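So the chains spell out like this:
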Amino acid sequence: MVLCVLRGSNARMSEQVRGTDKMRIITLSVGSIDTNCYIVIHNGDACVIDPGAEANGIIAVLAGQQVALQNILLTHGHADHVAAAVALKRLTGAKLFAHPADGYLLRATDNEIAKMLGLTEAVTPDAALQDSATVSLAGVDFTVLATPGHTPGSCCLYSAAEQVLFSGDTLFRGGIGRSDLPGGDAKVLARSLARLKQLPPDTEVYPGHGPSTTIGRERMSNRYW
Ligand SMILES: [Zn+2]
Ligand SMILES: [Zn+2]
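On a predicted model such as this, the values are computed, not experimentally measured, just so you know. (Residues numbered from 1 in each chain as written. Chains lettered and ligands numbered in written order. Predicted model: local features only at pLDDT ≥ 70, side-chain atom pairs only at ≥ 80, totals over all residues. Heavy atoms only, no water.)

### As for the overall build of the protein
So, step 1. For the protein, the helix and strand inventory stands at seven helices and 16 strands.
So, step 2. Relative to its length of 225 residues, the protein is compact, with a C-alpha radius of gyration of 16 Å against a globular reference of 17 Å.
So, step 3. By its C-alpha atoms, the protein is 45 × 40 × 30 Å across when sized along the principal axes.
So, step 4. Of all 225 residues assigned to the protein, the portion counted as buried reaches 53%.
So, step 5. Long-range pairs, those at least 24 residues apart, make up 55% of the contacts in the protein with a sequence separation of at least 6.
So, step 6. Carbon and sulfur atoms form 52% of the exposed surface of the protein, whose accessible area is close to 10100 Å².
So, step 7. Counting 19 positive and 21 negative side-chain charges, the protein places the averaged centre of each group 4 Å from the other. (Helix = DSSP H or I, 4+ residues; strand = E, 2+ residues; numbered from the N terminus. Rg over C-alpha atoms; globule rule 2.2 N^0.38 Å. Buried < 20%, exposed > 50% of the residue type's maximum accessible area, 1.4 Å probe, protein only. Contact = heavy atoms within 4.5 Å. Areas by Shrake-Rupley, 256 points an atom, 1.4 Å probe, with all protein chains shown as cover. Lys, Arg positive; Asp, Glu negative; His and termini not counted. Charge placed at Lys NZ, Arg CZ, Asp CG, Glu CD.)

### Examining the sheet that holds strand β16 (residues 213-214)
So, step 1. Here six strands make up an open sheet; going across it, the order is β9-β10-β11-β12-β15-β16 and the pairing mixed. Whereas interior strands pair on both sides, the edge strands pair on one side only; in this sheet they are β9 (134-137) and β16.
So, step 2. Where strand β15 (residues 204-207) meets β16, two bridges bridge the pair, whose relative direction is antiparallel. Looking at β16, one finds that valine 205 is bridged to threonine 213. (Pairing = 2+ DSSP bridges.)

### Regarding the coordination of the zinc ion (ligand 1)
So, step 1. Looking at the zinc ion (ligand 1), one finds its protein donor set to be His76 (NE2), His78 (ND1), His150 (NE2) and Asp169 (OD), positioned 2.1 to 2.4 Å from the metal centre.
So, step 2. Seen from the zinc ion (ligand 1), its four donor atoms lie at angles of 91 to 167°, and the figure they make is irregular.
So, step 3. Within one chain, the residues serving as donors to the zinc ion (ligand 1) are arranged as H-x1-H-x71-H-x18-D.
So, step 4. In this model, the zinc ion (ligand 1) sits 3.5 Å from the zinc ion (ligand 2), the two metals being bridged by aspartate 169.
So, step 5. Under the relative-accessibility criterion, histidine 78 is labelled buried at 13%. (Donors = N, O, S within 2.8 Å, 3.2 Å for Na, K, Ca; no water. Tetrahedral: all angles 85-135°; square planar, octahedral: opposite > 155°, others 65-115°.)

### Observations regarding the coordination of the zinc ion (ligand 2)
So, step 1. Coordination of the zinc ion (ligand 2) by the protein comes from Asp80 (OD), His81 (NE2), Asp169 (OD) and His209 (NE2), over a distance range of 2.0 to 2.4 Å.
So, step 2. Note that the zinc ion (ligand 2) binds four donor atoms; their angles at the metal cover 88 to 157°, and the shape is irregular.

### Observations concerning the packing of aromatic side chains
So, step 1. This model, assessed by the stated rule, comprises four aromatic pairs.
So, step 2. Both rings, one in tyrosine 38 and one in phenylalanine 166, keep their centres 5.1 Å apart while their planes meet at 55°; by these two values the pair is tilted. Separated by 128 residues along the polypeptide, tyrosine 38 in strand β4 (residues 35-42) and phenylalanine 166 in strand β12 (residues 164-168) bring together distant segments of the chain. Of the two residues, tyrosine 38 and phenylalanine 166, neither departs from the other in class, the shared state being buried.
So, step 3. These aromatic residues form a ring-pair network of at least three members: Tyr38, Phe142, Phe166 and Tyr206. (Phe/Tyr/Trp six-rings, centres within 6.5 Å; stacked < 30°, edge-to-face > 60°.)

### So, the environment of proline 201
So, step 1. Relative to the elements of secondary structure, proline 201 occurs in the loop between α6 (186-196) and β15.
So, step 2. For proline 201, a relative accessible area of 45% translates into the label partly exposed.
So, step 3. Here the alpha-carbon distance between proline 201 and threonine 109, two residues 92 residues apart in the chain, equals 39 Å.
So, step 4. When residues no more than four places from it in sequence are discounted, the contact partners of proline 201 are Thr214, Ile215 and Gly216.

### As for helix α3 (residues 85-92)
So, step 1. Within α3, burial applies to Ala85, Val86 and Leu88. One side of α3 holds all its buried residues, which, seen down the axis, span an arc of 165°. Of the residues in α3, the exposed ones pointing more than 90 degrees away from the buried face are Arg90 and Leu91.
So, step 2. Its buried side turned inward, α3 meets β5 (45-49), α1 (55-65), β6 (68-73), α2 (79-82) and β7 (95-98).
So, step 3. In the stretch just after α3, glycine 93 is the one whose phi turns positive, near 75°. (Arc of directions from axis to C-beta.)

### Focus: the pairing of β15
So, step 1. Side chains of β15 alternate between two faces, with Glu204 and Tyr206 and Val205 and Pro207 buried alike.
So, step 2. By the bridge criterion, four bridges tie β12 to β15 in an arrangement that is parallel. Looking across to β15, one finds that leucine 165 is bridged to valine 205.
So, step 3. What sits between the antiparallel neighbours β15 and β16 is a turn of five residues, in which glycine 210 has the positive phi angle 80°.

Put into structure tokens, the structure is as follows:
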């Protein structure tokens, strides 16, 4: 794993290489509340998950990797995960995916939190994430797991072949997502978390905030799960 600092940006950056076909996951910590923005790179194609801030910094990393951005994917509609999505889409022409149940959050640009986190323009997805659908991100097939509870449209992305889960704000290392924000629901979140328990223990989990972990590690040690 490489750890370095993006020049000219606050974003911290680390990189992991996975599997025999060398899928790479670059983690950028962006914005005022350190949201994990992931760049998945495979065979010269790239996708970005949760561009929460710093569109220009994300684009600089993509340029440095000499990869073209195909897709932008939002695990949910909170401003700290989506505030750079419009700029990134405009500057790259990438296709934007989100779950329709979070559309109300993607349009909510007139509240203080959205403004504070830089969401000044409504985000309009090009395509809907649907439970159990397969989306190809950077040429790798991911299954969409609708995991409502933190927000109604929260989703995780799972690749069985690569043993990777992008968990958004549903599951963290040592924690679970909040369900006390508007649109949150503790009972629904519990059902979603129970579903994630079915995944193989070796699955590497990349959450929306904080360090990565594995399903097995969290099953052993996460007292909230
Ligand atoms: Zn959130
Ligand atoms: Zn978040």
